[in-house]
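Here's the letter readout for the chains.
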Amino acid sequence: MTTDGLPPAQAVVDEVLAAAAPGSEDCVVLVEEISEVDVRFANNTTTTNGTRRDRKVTVISLRESGPGTAVGVARRGGAVDVAELVRAAERDAGESPPADDVSPLIEPPGAASLVSSLDRFHAPPDSTELSVLSGVLSGLAGAFSRARDGDYVLAGYAEHRSATTYLGTSTGLRLAHAQPAGALQLLARSSDGSASTWAGAGTADFTDVSIGALEDRLRSRLAWSDQQLARPAGRYEVILPPEAVADLMVNLAFEAGGRDTEDGKTVFSRPGGGTRIGDQLSPLPFDLRSDPAEPGLECSPFLAAASSWGDTSVFDNGLPLLRTDWIAGGRLQRLRYHRAGAARSGVQPAGFIGNAVLELPGATGSVEDMVAGTERGLLLTCLWYIREVDPATLLLTGLTRDGVYVVEDGVVVGAANNFRFNESPVDLLARVSEAGAAVRAFGRELGEDFNRTRMPPLRIPDFNMSSVSQAS
Amino acid sequence: MHCVAHAASPPGPLDADQVTAARDAALGEAQRLGCTSTEFRLERIRSQHVRLRDRALEGAADDTELGIGVRVVVDGSMGFAATVATGPEQAAELVTRAVDAARTIARAGGGRVELAEEPSHGSVQWTSSFTVDPVDVPLADKVAQLDDWSGRVLSADHVDHVTAQVLAVTEDTYYADLGGTEATQRRVRVHPVVEALALDGDGFETMRTVAPPAGRGWEYLGGDGWDWDSELADLPGLLRDKVRAPSVDAGQYDLVVDPTNLWLTIHESIGHATELDRALGYEAAYAGTSFATVDQLGALRYGAPIMHVTGDRTTPNGLATVGIDHEGVPGQSFDLIRDGILAGYQLDRSIAASSGSGASNGCAFADSPLHVPIQRMANVSLEPAGDDGPTTEDLIGGVERGLYIVGDKSWSIDMQRYNFQFTGQRFFRIEHGRLAGQVRDVAYQATTTDFWGALEAVGGRSTYLLGGAFNCGKGQPGQVAPVSHGCPSVVVRNVRILNTRDESGR
């Protein structure tokens, strides 16, 4: 028993596999051990907080059924009754028609890239504690005090999570991966509510982020808002900072599913049939890639799927995930496929990987450099409430948020109102005129779900600001 | 079908003695450590999601979450801790952790936390209204139901693909607090959806069922509360007409908005804007604030004088309906907008106390035993004109040139709830008071008070429908809440219509 009265994850994996009906039935088990701490703040004070310990056990039962293989999936939290859980999965497999994503289960020993995952299976899970946030907490009191003195109001959020996933299969595969993820976000609003600005950073362990660094950035940006400049709707030259690019490109990457695309349902579908793989999406040679070994953005090197959905298959649990170039040299290169779908379509499988990097090889500039090179334009802080309007073009709508800055002759001269935009990230790649160096970026909207991205700032010559938003 | 009374029972597989032991350990430890307030919540949330794609089972997942969350107030600071271990020792340990968290975080500059007074409500037993617990229905029956529906839609020549899915949830909550309230509560909900897709030369169009998610059991799929046979029979023809429809001319139009679309506009532009935590800045860093600030209570002209909006946690079959909330406050009904004027806010106990608003009106909710309760939305609904009020046809009859909008699809609104943009499932031109075929590529865009200020007529009770969603997002860490919104059909004059193809620059 561990300190919280739950048996070790490895013992649960063994117990599930032993309880699965012997011989004819194949089985996959996932145990996710999750430990989280968080603290929110608003109105220059801390508000809610939480420390939590979660365990989810997923059993995937496979049953040969005449024409094919049927799947049953059952998941329980906490101290599970293993016999009940296995019976529930087997019952659902018994009641399901054959699956259409069938592949043989992955066999051990697994790929060379998984050596550390094999070892990790035998170690206890990582966990986190409130002390991980001690630097943030000790910085906050002073930051609140400076905010009161400076006539602005701070709000924000810090969270840290350790998730260790143990995978076992009836074919003998045993893998585990421990994934730390954290984020610090800080927002400053002027006391009269007329100006607002935000900064956020993703981190694995909070050693590389601090309240002070974000606070400095916010104070200099609030000063830009002293001069308020009304701007009408229309098309503008816009500098998208890496945080805005992250949310747009993660939306693009989520759409890159092979099956939906072949069915004609995505922006990557070729009108009349097939996919747009090979199409030049951008005149600039951008790469959009995911790689579990990406330095600083490391994530699981094997696939762990608790249910089959779209282009993800429970049959692929344990599949090694390797660098995948979704876009290379500006051309669409890959779409997500599970193994069964890839075999049907005659392509390589490509699983969901927990990071994304957009890069223009050789690009070096920062946001500040791009501002310096701008005659007239708008510098954005981040985007918000981004929703798909038309999947055929991947037209997205959303808002600018927390600072739209007016640039004239290479310097910021004031802050403009917010806008609603209507734009497709695929069209933006086709129209981008300049990119800077890719840096770690935390998307304002999707960062909490998709923490690890590296993105460049982009210059768009004609960004569509559809209407003015009065929000400040 | 008649409604059978279901007794609320402790969250299984725990029995009443195990629940009581965990509660006593937690509340006893809280008293020992000097907590002035403590809420103990032990919950089991069972859910099943089943999805068919072109009649093949794409995925099914049967999920049960079980755990305990404890929130304490100690020395004027708040702490929350949660775990999936449910024994008495772990329950007591949670209180220690919550107290430690409260004290640690207080040193970072926490203000004093107060909770609005709430009397003890003794022992409360409550279940939502349902006949068949949807989570207990065998997977084979669920697959067969969705396959039957898919087959009907896919049999039409021009339908190329169909997806059918159902999400079913049963929440069992045991709640106890230091104030002496104890509650056992069961809530059930289902959301079936069928979507048809037709390829069309250079693109595609879809048409989705507009049947709302409902606080009902599996009987909902059999026709109790919705006419599925008729909606599924109409779906292919509606899709065919949409594919053939011309693209809309952008411009200003008078709108007749069907309740299947309007519920979401109410959710975004009224529901979230009248949350007091937002109006006071407590969501500033994430969901946002609100244009409907406290200094305007009783004065803000939100919309036309015919506009009356209530918050309600007692609506039958409502997704936000409860017996008692996650802070021990009974479900209740209250005004948000009366005669077009801002009349109230949605509250939880800490927000009620910090704003001097008196008692909470019962809007605390956590989506999991592992999450802290925050202020979440009641069923926020627009009142209809009455039993003899206009029908939707009557409303259309009063429009010379306009659009009739049915079903929700895309939605987006800014962080203070001014500027919104919505699309829909289908859009019919109105010419001289009559429908004149579909148009496509439509989005409507407006500012909240302009839109509701241009509200000219609300339909009668015959047009009223309770819409809603399972997936309203708020808070950090993110939480999703189910919520319903009732409304009639309405007429809104002179709204900006965009052509979404023009917007993409293509």
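These numbers come from a predicted model, not from an experiment.

Bringing the overall build of chain A into the picture now. Secondary structure assignment for chain A yields 10 helices and 20 strands. Taking 23 Å as the expected radius of gyration for a compact globule of 472 residues, we find that chain A reaches 24 Å, a close match to that expectation. The C-alpha extent of chain A, read off along each of the three principal axes, is 75 × 55 × 35 Å. Residues classed as buried in chain A amount to 63% of the 472 residues present. Accessible area for chain A stands at about 16000 Å²; split by element, carbon and sulfur atoms hold 51% of it. Distance from the positive charge centre (42 side chains) to the negative charge centre (62 side chains) of chain A: 2 Å.

A few words now on the pattern of salt bridges. Applying the stated criterion across every chain yields a total of 70 salt bridges over all chains. Ionic pairing is found between Glu84(A) and Arg76(A), a salt bridge with its closest N-O pair at 3.1 Å. Ionic pairing is found between Arg103(B) and Asp75(B), a salt bridge with its closest N-O pair at 3.1 Å. On the criterion of sequence distance, the pair formed by Arg103(B) in helix 2 (residues 88–106) and Asp75(B) in the loop between strand 2 (56–74) and strand 3 (77–83) is long-range, its members being 28 residues apart. Residue class for Arg103(B) comes out partly exposed when judged on its relative accessible area of 34%. Members of the salt-bridge network, linked through shared partners, are Asp100(A), Arg259(A), Asp260(A), Asp263(A), Lys265(A), Arg51(B), Arg53(B) and Glu58(B).

This brings us to the nonpolar core. Tyr302(B), Leu382(B), Tyr444(B) and Trp452(B) are the most contacted members of the largest nonpolar core, which has 64 residues in total. A total of five residues in this core trace back to one element, the largest contributor, which is helix 5 (residues 259–271) of chain B. With near-sequence residues (within four places) excluded, Trp452(B) lies in contact with Leu262(B), Thr265(B), Ile266(B), Ser269(B), Ile270(B), Tyr302(B), Gly303(B), Ala304(B), Met307(B) and Leu382(B). One finds Leu229(A), Leu240(A), Leu288(A) and Leu458(A) within the second-largest nonpolar core, a separate group that totals 52 residues.

Turning our attention to the sheet that holds strand 19 (residues 453–455) of chain A. Residues and elements named next belong to chain A. Spatially, the six strands line up as an open sheet ordered 11-10-9-12-19-18, and their pairing is mixed. Single-partner strands in this sheet number two, and they are strand 11 (331–332) and strand 18 (439–441). Taken together, the three bridges between strand 18 and strand 19 define a ladder with antiparallel strand orientation. From the neighbouring strand, Ala441 faces strand 19, where its bridge partner is Thr453.

All right, on to the packing of aromatic side chains then. Here the structure, examined in full by the defined rule, presents 21 aromatic pairs over all chains. Measuring from centroid to centroid gives 5.8 Å for Phe121(A) and Tyr166(A), while their planes differ by 80 degrees, and the two rings are edge-to-face. Of this pair, Phe121(A) sits in the loop between helix 3 (115–120) and helix 4 (134–149) while Tyr166(A) sits in strand 4 (residues 152–169), and the two are 45 residues apart along the sequence. Ring centres of Trp224(A) and Tyr405(A) lie 4.9 Å apart, and the angle between their planes is 70 degrees; on these two criteria the pair is classed as edge-to-face. Here Trp224(A), found in helix 5 (residues 211–224), pairs with Tyr405(A), found in strand 14 (residues 395–408); they are 181 residues apart in sequence, far enough to count as distant. Accessibility expressed as a relative area gives 29% for Trp224(A), which makes it partly exposed. Given the relative accessible area of 0%, Tyr405(A) is considered buried. Every member of this aromatic cluster is reached through a ring pair, and the members are Phe420(B), Phe422(B), Tyr444(B), Phe451(B) and Trp452(B). Sitting over the ring of Trp384(A), Arg401(A) keeps its end group 4.5 Å from the ring centre. Sitting over the face of the ring of Tyr253(B), Arg401(B) holds its NZ or CZ atom 4.3 Å from the ring centroid.

In this section: the pairing of strand 12 (residues 356–359) of chain A. Note that strand 9 (residues 287–290) of chain A and strand 12 of chain A share three bridges and pair antiparallel. The partner of Asp287(A) across the bridge, within strand 12 of chain A, is Glu359(A).

Attention now moves to the interface of chain A and chain B. Contacts between the two partners involve 89 residues from chain A, matched on the other side by 86 residues from chain B. Interface area, chain A with chain B, both sides summed: about 7200 Å², of which 49% is carbon and sulfur. Broken down residue by residue, the surface that chain A buries against chain B is led by Arg40(A), Asn49(A) and Trp309(A), which jointly contribute 10%. Scanning the region where chain A abuts chain B turns up six salt bridges. For the salt bridge of Arg76(A) with Asp62(B), the shortest nitrogen-to-oxygen distance reads 3.2 Å. Where chain A meets chain B, there are 46 residue pairs in polar contact (both at pLDDT 80 or more). At 11 residues, the largest contribution of residues to the side of chain A that touches chain B is made by strand 2 (residues 45–65) of chain A. A per-class count over the side of chain A that touches chain B returns 27 nonpolar, 34 polar and 28 charged.

The rules we used
- Residues numbered from 1 in each chain as written.
- Chains lettered and ligands numbered in written order.
- Predicted model: local features only at pLDDT ≥ 70, side-chain atom pairs only at ≥ 80, totals over all residues.
- Heavy atoms only, no water.
- Helix = DSSP H or I, 4+ residues; strand = E, 2+ residues; numbered from the N terminus.
- Rg over C-alpha atoms; globule rule 2.2 N^0.38 Å.
- Buried < 20%, exposed > 50% of the residue type's maximum accessible area, 1.4 Å probe, protein only.
- Areas by Shrake-Rupley, 256 points an atom, 1.4 Å probe, with all protein chains shown as cover.
- Lys, Arg positive; Asp, Glu negative; His and termini not counted.
- Charge placed at Lys NZ, Arg CZ, Asp CG, Glu CD.
- Salt bridge = Lys/Arg side-chain N within 4 Å of Asp/Glu carboxyl O.
- Core = buried A, V, L, I, M, F, W, Y, C linked by side-chain atoms within 4.5 Å.
- Contact = heavy atoms within 4.5 Å.
- Pairing = 2+ DSSP bridges.
- Phe/Tyr/Trp six-rings, centres within 6.5 Å; stacked < 30°, edge-to-face > 60°.
- Lys NZ or Arg CZ within 6 Å of the ring centre and 35° of its normal.
- Buried area = accessible area lost by both parts, 1.4 Å probe.
- Polar contact = N/O pair within 3.5 Å; in protein donor to acceptor, adjacent residues only side chain to side chain.
- Nonpolar A, V, L, I, M, F, W, Y, C, P; charged D, E, K, R; others polar.

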